[in-house]
Amino acid sequence: MSIKNVLMCATVLGTVVAGGIALDSATAPDAHAACYGSVTLMKGKNNSCSNGARHWNAIKNANPKYGDWVGKGRISQQKLCWANVVSYGMTAR
């Protein structure tokens, strides 16, 4: 990651933290909300989702960006730090 991308990511993260972004666990079905955790702007861990889980970023005026589907105990992460992130979270299958 270049220094420019690191600085941009830090700026986006600061904006997201200051804006009080809500995580997907607040809106996910109860059965899935507990099977993942440690969700941040860039990644999340599949603690126990048997069919897989993946991280996502909702981008203002653009299509969402997704990490890879991962199995239990694995981390799904974004490939880049995206600009204009309005929310982020995890989704279980």
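All figures in this text were calculated on a predicted structure; none of them were measured in a lab. (Residues numbered from 1 in each chain as written. Predicted model: local features only at pLDDT ≥ 70, side-chain atom pairs only at ≥ 80, totals over all residues. Heavy atoms only, no water.)

(A) Inspection of the sheet that holds strand 4 (residues 65-66) at higher detail. A sheet is described by the order of its strands in space; here 3 strands give the open sequence 4-3-6, paired in antiparallel fashion. Unpaired on one side and paired on the other, strand 4 and strand 6 (85-92) mark the two borders of the sheet. Pairing analysis gives 7 bridges linking strand 3 (residues 53-59) to strand 6, with the strands arranged antiparallel. Residue pairing for strand 6: Ala58 is matched across the bridge by Ser87. (Pairing = 2+ DSSP bridges. Helix = DSSP H or I, 4+ residues; strand = E, 2+ residues; numbered from the N terminus.)

(B) Summary view of the environment of Cys35. Of note, Cys35 is situated in the loop between helix 2 (30-33) and strand 1 (36-37). Separated by 13 residues in the primary sequence, Cys35 and Ser48 place their C-alpha atoms 4.7 Å from one another. Apart from residues lying up to four places away in sequence, Cys35 is in contact with Asn46, Asn47, Ser48, Cys49 and Ala92. (Contact = heavy atoms within 4.5 Å.)

(C) Quick look at the packing of aromatic side chains. By the definition in use, this model includes 0 aromatic pairs. Here Arg54 stacks its cationic end above the ring of Tyr66, 3.8 Å away from the centre of that ring. Above the plane of the ring of Trp82 lies Lys65, whose end atom (NZ or CZ) is 4.8 Å from the centre. (Phe/Tyr/Trp six-rings, centres within 6.5 Å; stacked < 30°, edge-to-face > 60°. Lys NZ or Arg CZ within 6 Å of the ring centre and 35° of its normal.)

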